[in-house]
There are 2 protein chains.
Amino acid sequence: MDTLRYYERIGLIEPPVRDSGGRRSYSEEDLGWVGFLSCLRMTGMPIRLMCEYARLRHFGTSSATSRKEILLEQRTAVRERIAELQMCLSTLDYKIDNYEMVERRVAELTPLAQEATA
Amino acid sequence: MDTLRYYERIGLIEPPVRDSGGRRSYSEEDLGWVGFLSCLRMTGMPIRLMCEYARLRHFGTSSATSRKEILLEQRTAVRERIAELQMCLSTLDYKIDNYEMVERRVAELTPLAQEATA
DNA sequence: GCTTGACCTGGAGCGCGCTCCAACTTCTAC
DNA sequence: GTAGAAGTTGGAGCGCGCTCCAGGTCAAGC
């Protein structure tokens with residue numbers, strides 16, 4: 001909510017129509033756009049670039065190529081990010097395995113320790 | 001570099017030994033740890049949690065389980081993040097396809113437009 | 001009529017993760 | 001020996017993306 005107003009302020013979304021009481025009333029189209037925006041945000045696209053994309057929208061099909069360009073770059077970035085995360089994932093797997101080995105070793109020693117303190 | 005000093009200040013890495021001139025000289029072990037830290041950062045783990053993890057390291061094997069716990073949670077988070085990114089990826093694919101269709105449609109119309117202005 | 005609660009406004013504040021600064025020392029090359 | 005690069009320090013500053021605040025307006029329920 002605060003975020004929507006923030007997006008509106010920075011020109012990321014068009015001011016929606018208001019109801020009789022002056023409240024914002026988002027159309028289906030607005031909501032679709034907001035949904036796409038949050039998708040872009042999730043991919044880590046900086047707000048600034050999203051603003052650029054939003055600005056281009058006003059020019060209709062004549063800006064289609066520029067907008068596609070932005071999305072293509074973002075897609076590449078996302079793919080790289082996924083690859084990066086998968087690398088990290090295998091590092092995590094390795095570390096976790098290590099800890100499990102440590103735990104098993106400790107489990108082997110514990111009964112002895114218990115005897116010693118018995 | 002500034003980042004390493006920052007990490008040192010907040011206790012994420014141990015102060016490394018210094019050379020004769022007072023400069024930091026990171027051991028292989030230091031570097032390994034730093035490497036793992038940047039892996040964790042890449043996964044989006046907040047610094048605060050990394051500090052907690054670093055703190056636990058001091059207790060040796062007795063903290064193995066807690067540390068494993070942290071890594072397990074992070075692994076889950078990373079997997080979810082990857083899934084999320086893949087969702088976004090297909091949205092991007094869809095949008096990009098759309099733009100390509102728009103371009104093709106424009107390409108079909110352009111020759112006519114050229115004739116019109118000729 | 002009156003409370004309550006959700007929304008409105010402009011603007012300030014915040015948490016994160018660095019990143020830069022000025023002033024200083026130290027090593028390196030010429 | 002001297003200039004310049006590359007480190008050192010504590011501390012301030014910054015960009016991002018919200019998020020909260022005080023004070024006001026409006027609509028609905030009792």
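Everything below is about the structure shown above.
Note that this is a predicted model, so its numbers are computed, not measured.

Chemist: So what exactly am I meant to see when it comes to the pattern of salt bridges here?
Modeler: Opposite charge on two side chains permits pairing when their charged atoms draw close. Taken as a whole and judged by the stated rule, the model has 14 salt bridges over all chains. Salt-bridge contacts for B:Arg81 lead to B:Glu84; the nearest nitrogen and oxygen are separated by 2.7 Å. With a gap of 3 residues between them, B:Arg81 and B:Glu84 both fall in helix 4 (residues 64-117), about one helical turn apart. Here the salt bridges do not stand alone but share partners, grouping A:Lys68, B:Glu100 and B:Glu103 into one network.

Chemist: What am I meant to see in the environment of A:Cys88 here?
Modeler: Structurally, A:Cys88 is set in helix 4 (residues 64-117). Those residues within four positions of A:Cys88 in sequence are excluded, and the remaining contacts are B:Cys39, B:Met42 and B:Thr43.

Chemist: Just to check I follow, could you spell out the protein's contact with DNA strand C for this structure?
Modeler: Residues in close proximity to DNA strand C total 18 residues, the closest being A:Arg18, A:Arg24, B:Asp2, B:Tyr7 and B:Arg48. Among the atoms of DNA strand C close to the protein, meaning within 4 Å, 67% are from sugar or phosphate groups. Measuring from a phosphate oxygen of DNA strand C, one finds a side-chain N or O atom of B:Tyr7 at 2.9 Å. Between a phosphate oxygen of DNA strand C and a main-chain N or O atom of B:Ile47, the distance comes to 3.3 Å. Residue assignment for the surface near DNA strand C shows that the elements contributing at least two residues are helix 1 (2-9) of chain A together with helix 1 (2-9) and helix 3 (47-57) of chain B. Sort the elements by how many residues they give to the surface near DNA strand C and helix 1 of chain B lands first, with 5 residues. Broken down by class, the residue content of the surface near DNA strand C amounts to 4 nonpolar, 4 polar and 10 charged.

Chemist: How should I be thinking about the interface of chain B and chain A in this particular structure?
Modeler: Buried accessible area, meaning the area lost when the parts come together, often serves as the stated size of an interface. Contacts between the two partners involve 34 residues from chain B and, on the opposite side, 34 residues from chain A. Carbon and sulfur atoms supply 74% of the area that chain B and chain A bury against each other, a total of about 3300 Å² over both sides. Along the contact surface separating chain B from chain A lie 6 salt bridges. The salt bridge partner of B:Lys68 is A:Glu100, with a shortest N-O separation of 3.6 Å. There are 12 residue pairs in polar contact (both at pLDDT 80 or more) connecting chain B and chain A. Take the side of chain B that touches chain A: its biggest share by element is 27 residues, from helix 4 of chain B. Here the residues of the side of chain B that touches chain A are counted per class, giving 18 nonpolar, 6 polar and 10 charged.

Chemist: Is there a simple way to explain the relation of the copies chain B and chain A in this structure?
Modeler: By a simple turn and slide, chain B fits onto chain A: the slide is 0.0 Å along the axis, the RMSD is 0.1 Å, and the turn is 180°. Taken together, these values place the two copies in the relation of a two-fold axis. When C-alpha distances to the rotation axis are compared across chain B, the minimum falls at B:Ile82, with a value of 3.0 Å.

Chemist: I'm lost on the protein's contact with DNA strand D in this one. Help?
Modeler: Within the structure, DNA strand D sits among 17 residues, and A:Asp2, A:Tyr7, A:Arg48, B:Arg18 and B:Arg24 are positioned closest to it. Within 4 Å of the protein, the atoms of DNA strand D are drawn from sugar and phosphate moieties in a proportion of 62%. In this structure, A:Asp2 approaches DNA strand D through a side-chain N or O atom, which is 3.3 Å from a base nitrogen. Going through the elements one at a time, helix 1 and helix 3 (47-57) of chain A together with helix 1 of chain B are the ones with two or more residues in the surface near DNA strand D. The element contributing the most residues to the surface near DNA strand D is helix 1 of chain A, with 5 residues.

Chemist: How should I be thinking about the packing of helix 2 (residues 28-42) of chain A against helix 3 of chain A in this particular structure?
Modeler: The geometry of a pair of packed helices is captured by two quantities: the angle between their axes and the separation between those axes. Residues and elements named next belong to chain A. Running from N to C, helix 2 and helix 3 point in directions that differ by 145°, and their axes come no closer than 10 Å. Crossing hand, helix 2 versus helix 3: right-handed. The residues of helix 3 that touch helix 2, namely those facing Trp 33, Phe 36, Leu 37, Leu 40 and Arg 41, are Ile 47, Met 50, Tyr 53, Ala 54 and Arg 57. Residue composition of the contact of helix 2 with helix 3, grouped by class: 8 nonpolar, no polar and 2 charged.

Chemist: I would appreciate a short explanation of the packing of aromatic side chains in the present structure.
Modeler: In the structure shown here, the tally under the stated rule is 8 aromatic pairs over all chains. An angle of 45° between the planes, with centres 5.8 Å apart, marks the rings of A:Tyr6 and A:Tyr7 as tilted. Both rings, one in A:Phe36 and one in A:Tyr53, keep their centres 5.9 Å apart while their planes meet at 55°; by these two values the pair is tilted. Taken together, the residues span a long stretch of sequence, with A:Phe36 in helix 2 and A:Tyr53 in helix 3 at a distance of 17 residues. Taken together, A:Trp33, A:Phe36 and A:Tyr53 form an aromatic cluster joined through their ring pairs. It is B:Arg57 that lies over the ring of B:Trp33; its NZ or CZ is 3.7 Å from the centre. Its guanidinium or amino end placed over the ring of A:Phe36, B:Lys95 lies 4.4 Å from that ring's centre, counting from NZ or CZ.

Scoring rules and cut-offs
- Residue indices follow the written sequence of each chain, beginning from 1 at its first position.
- Written order determines the labels here, with chains lettered from A and ligands numbered from 1.
- Local features in this predicted model are restricted to residues whose pLDDT is 70 or higher, and side-chain atom pairs enter the listing and the counts only when it is 80 or higher, whereas totals over whole chains, interfaces and linings include all residues.
- Excluding hydrogens and water, the side-chain values take into account all heavy atoms of the structure.
- Salt bridge criterion: a side-chain nitrogen from Lys or Arg within 4 Å of a carboxyl oxygen from Asp or Glu.
- The secondary structure listing takes helices from DSSP runs of H or I that are at least 4 residues long and strands from runs of E that are at least 2 residues long, numbered from the N terminus.
- By definition, residues are in contact when any of their heavy atoms lie within 4.5 Å.
- Near residues are defined by distance, with any heavy atom within 4 Å of the molecule or strand qualifying the residue.
- Pairing of N or O atoms within 3.5 Å defines a polar contact, subject to two protein rules: one partner must be a possible hydrogen donor and the other a possible acceptor, and residues neighboring in sequence count only if both atoms are side-chain atoms.
- Polarity classes work like this: nonpolar for Ala, Val, Leu, Ile, Met, Phe, Trp, Tyr, Cys and Pro, charged for Asp, Glu, Lys and Arg, and polar for all others, with Gly in that last group.
- Summed over both partners, the accessible area (1.4 Å probe) lost when two parts come together is defined as the buried area.
- When the copies are overlaid, the least-squares fit takes in C-alpha atoms only where the residue has pLDDT of at least 70 in both copies.
- Between N-to-C directions, angles cover 0 to 180 degrees, with each direction set by a line fitted to C-alpha atoms, over the stretch in contact for helices.
- The crossing is said to be left-handed when, going from far helix to near helix, the turn is anticlockwise and less than a right angle, and right-handed when the turn is clockwise.
- Centres within 6.5 Å make a pair out of two Phe, Tyr or Trp rings, where for Trp the six-membered ring is used; the pair is then stacked when the planes are under 30 degrees apart, edge-to-face when over 60, and tilted otherwise.
- Only lysine NZ and arginine CZ atoms are considered, and such an atom sits over a ring when it is within 6 Å of the ring centre and within 35 degrees of the ring normal.

Read these as layout, nothing more, since geometry by itself doesn't imply function.
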